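Here's the letter readout for the chains.
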Amino acid sequence: MQFRVGGKAFATLGWPEAGWAVVKLSARDQARILAEQDAASPEPGRQRRSGVTLLWLEDLEEAALADILAAAWKQAYSGERAPRRGGRPRKEAAAAPSRS
């Protein structure tokens, strides 16, 4: 089950298998969560700065999980757009011409 806000996924339950979840955090939040929680780890195969974090749900207290989900939601909802692959900037919507 995937959770989204503003078209962006911020959490997925049951991945990579039952009992786990994955969240997308800012680099700052990921560093904080990794330091505080033994049940959290960066996703293997990704660079730590990607923010993708695995959570072993059985070992997380409810308050800690709520904090992590709020941080992931905030990151997705912030409206910040990730750079495109290949390093090219996204094309922004062209402004409508004004009629004078």
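Everything numeric in this text was worked out from a predicted model, so none of it was measured. (Residues numbered from 1 in each chain as written. Predicted model: local features only at pLDDT ≥ 70, side-chain atom pairs only at ≥ 80, totals over all residues. Heavy atoms only, no water.)

**Student:** Just to check I follow, could you spell out the pairing of strand β2 (residues 8–13) for this structure?
**Tutor:** Each regular strand carries side chains that alternate between the two faces of the sheet. Bridge count for strand β1 (residues 2–5) against β2 is four bridges, and the pairing is antiparallel. What sits directly across from Val5, in β2, is Lys8. Hairpin remark: β1 followed by β2, antiparallel, with two residues in the connecting loop; positive phi at Gly6, about 60°. Strand direction decides the pairing type here: β2 and strand β3 (residues 20–24), joined by three bridges, are antiparallel. Paired with Leu13 across the bridge in β3 is Ala21. (Pairing = 2+ DSSP bridges. Helix = DSSP H or I, 4+ residues; strand = E, 2+ residues; numbered from the N terminus.)

**Student:** Would you explain the nonpolar core in this entry?
**Tutor:** Soluble globular proteins tend to bury their nonpolar side chains together. Among the nonpolar cores identified, the biggest contains 16 residues, and Phe10, Val23, Leu25, Leu55, Leu60 and Ile68 are the most heavily contacted of them. Counting only elements with at least two residues in this core, the list comes to β2, α1 (27–36) and α2 (62–77). No other element matches α2, which puts five residues into this core. If we ignore the near neighbours within four places in the chain, the residues touching Ile68 are Val23, Leu25, Ile33, Gln37, Leu55 and Leu60. (Core = buried A, V, L, I, M, F, W, Y, C linked by side-chain atoms within 4.5 Å. Buried < 20%, exposed > 50% of the residue type's maximum accessible area, 1.4 Å probe, protein only. Contact = heavy atoms within 4.5 Å.)

**Student:** In this structure, what is going on with α1? I would like to understand it.
**Tutor:** Residues lying three or four places apart along an α-helix face the same way, a consequence of the helix completing one turn every 3.6 residues. Taken residue by residue, α1 has Asp29, Gln30, Ile33 and Leu34 as its buried positions. Here the buried residues of α1 occupy an arc of 130° about the axis, which is enough to place them on one side. More than 90 degrees from the buried face of α1, the exposed residues found are Arg28 and Ala35. (Arc of directions from axis to C-beta.)

**Student:** Looking at this structure, I do not really get the confidence of the model for the protein chain. What am I missing?
**Tutor:** Low pLDDT marks regions whose predicted coordinates should not be analysed in detail. For the protein chain, the mean per-residue pLDDT works out to 82, and 74% of the residues sit at or above 70. Predicted confidence is poor over residues 92–98, with pLDDT under 50, and the contacts of this stretch with residues over four places away or in other chains come to one contact. (pLDDT = per-residue confidence, 0-100.)

**Student:** Sorry, what's going on with the packing of aromatic side chains here?
**Tutor:** Between two aromatic rings, the relevant description is the distance of the centres plus the angle of the planes. Scanning the entire structure with this criterion turns up three aromatic pairs. Judged by centre distance (5.0 Å) and plane angle (50°), the rings of Trp20 and Trp56 are tilted. Here Trp56 lies in strand β5 (residues 52–56) and Trp20 lies in strand β3, a separation of 36 residues in the sequence. In this structure Trp20 comes out as partly exposed when scored by relative accessible area, which is 23%. Trp56 gets classed as partly exposed once you look at its relative accessible area, which sits at 25%. (Phe/Tyr/Trp six-rings, centres within 6.5 Å; stacked < 30°, edge-to-face > 60°.)

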